[in-house]
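Architecture and fold: a report
So the chains spell out like this:
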Amino acid sequence: MDADLDRELRQLREQATTHVVRWSLRMPIKTMLYHLTRGRIDRRPRPTLGDLPRLNSPWQDTDSGRYFGWRCRQANLRGGEAFVVEYIVCSRCAIGWVDRPYTDERYQRSGLAAAGFQALRVEHPEVTAWYAASSLMPDSKAFWAAVGTGVPGGYSSQELCRHVAHQGGVLPGWALKRLARAAGGRAA
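Residues numbered from 1 in each chain as written. Predicted model: local features only at pLDDT ≥ 70, side-chain atom pairs only at ≥ 80, totals over all residues. Heavy atoms only, no water.

Bringing the confidence of the model for the protein into the picture now. Across the protein, the average pLDDT comes to 79, with 72% of residues at 70 or higher. Ranking the helices and strands of the protein by mean pLDDT puts helix 3 (residues 112-123) first, with 94, and helix 6 (residues 173-182) last, with 57. (pLDDT = per-residue confidence, 0-100. Helix = DSSP H or I, 4+ residues; strand = E, 2+ residues; numbered from the N terminus.)

Below is the structure:
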C-alpha cells in the first residue's frame, strides 16, 4: 500500500463520525398514511440502488435502496465507494442490525468496516446489542469476530424483531404474511 493511500485511509477512518452527510426520501405524510391504514395503503417512496445519490462527502448516510426503513452507510474514497453497510435500529427493542457489509477489495483489512460500525454505535448509544440480519457466510467468521469484539451482541446472526420485520425488513412476502397470521393480525 502506498503512503498516500495509507494516509487517505487513516483520514477516512478518523472522519467516520464527524464528516457524515445524510440524505433521505422519507415523507412523513406517506408514512403516517401507511400506519393509519395498517399497511393497506402504502405510497412510501422506495428508491432503488440506482436512485441513491453519490454525495460529495467522505461518509454518507442514505436510504437503503434495498430494504424499506433501512439506511445505507457508505465511505467514499478516490471517486468510488470504499465501504458500504446497510443497517436499521429498532427504537422499541433497542437493537440494531447490520447487513451486507462490503469493502472494496483494494481497501480490505484497512479498518474501514470497524470505523463504520464504531460510528454507528456512537450515533446510536441507546442500542444495547448489534446483530447481523442475514446468516453469516462461513468464510466471514474471522471478519465478524474482529469487528464484534467487545460489542454487545457481537454481530452474531439474529432474526429481526417483529417491529422491523413488519416494515418489510429482509423477509420475503410469504414470511411477512405468516408473521402477521401468527401475531393475530392481517397480512401486511
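Attention shifts here to the nonpolar core. The biggest cluster of nonpolar side chains holds 27 residues, and the ones touching the most others in it are Trp59, Phe83, Val98, Leu112, Phe117 and Tyr155. Those elements giving two or more residues to this core turn out to be helix 1 (3-14), strand 3 (71-77), strand 4 (80-90), helix 3, strand 6 (129-132) and helix 4 (141-148). Examining the composition of this core, we find that six residues originate from one element, helix 3, more than from any other. Membership of the second largest hydrophobic core comes to 13 residues, among which are Ile88, Cys90, Val164 and Ala165. (Core = buried A, V, L, I, M, F, W, Y, C linked by side-chain atoms within 4.5 Å. Buried < 20%, exposed > 50% of the residue type's maximum accessible area, 1.4 Å probe, protein only.)

Before going further, it helps to spend a moment on the pairing of strand 3. Within strand 3, seven of the seven residues are buried, leaving the element largely enclosed by the surrounding structure. What you see with strand 3 is no split at all: Arg71, Arg73, Ala75 and Leu77 on one side and Cys72, Gln74 and Asn76 on the other are buried throughout. Summarising the sheet, strand 2 (residues 59-63) and strand 3 pair through five bridges and their orientation is antiparallel. Residue pairing in the sheet places Asp63 in a bridge with Arg71 of strand 3. Where strand 3 and strand 4 come together, seven bridges link them in antiparallel fashion. Bridge pairing in strand 4 links Gln74 to Val84. (Pairing = 2+ DSSP bridges.)

Enumeration over the complete set of coordinates arrives at eight salt bridges. A salt bridge links Asp4 to Arg7; its shortest N-O distance comes to 3.9 Å. Here Arg7 and Asp4 lie together in helix 1, a separation of three residues that amounts to about one turn. By relative accessible area, Arg7 is classed as partly exposed at 41%. (Salt bridge = Lys/Arg side-chain N within 4 Å of Asp/Glu carboxyl O.)

So, on to helix 1. Its 12 residues give helix 1 an end-to-end C-alpha distance of 17 Å, which sits within 8% of 16 Å, the value for a rise of 1.5 Å per residue. Residues of helix 1 that are buried make contact with strand 2, strand 3, strand 4 and helix 3. (Expected span 1.5 Å × (residues − 1). Contact = heavy atoms within 4.5 Å.)

Further remarks concern the side chain of Ser57. Counting through the fold element by element, Ser57 comes out in the loop between helix 2 (28-36) and strand 2. The exposure class of Ser57 is buried, given its relative accessible area of 9%. Within the local environment of Ser57, its side chain forms a polar contact with the backbone oxygen of His19, the two atoms lying 3.1 Å apart. Leave out the neighbours within four places in its chain, and Ser57 touches His19, Val20, Val21 and Asn76. (Polar contact = N/O pair within 3.5 Å; in protein donor to acceptor, adjacent residues only side chain to side chain.)

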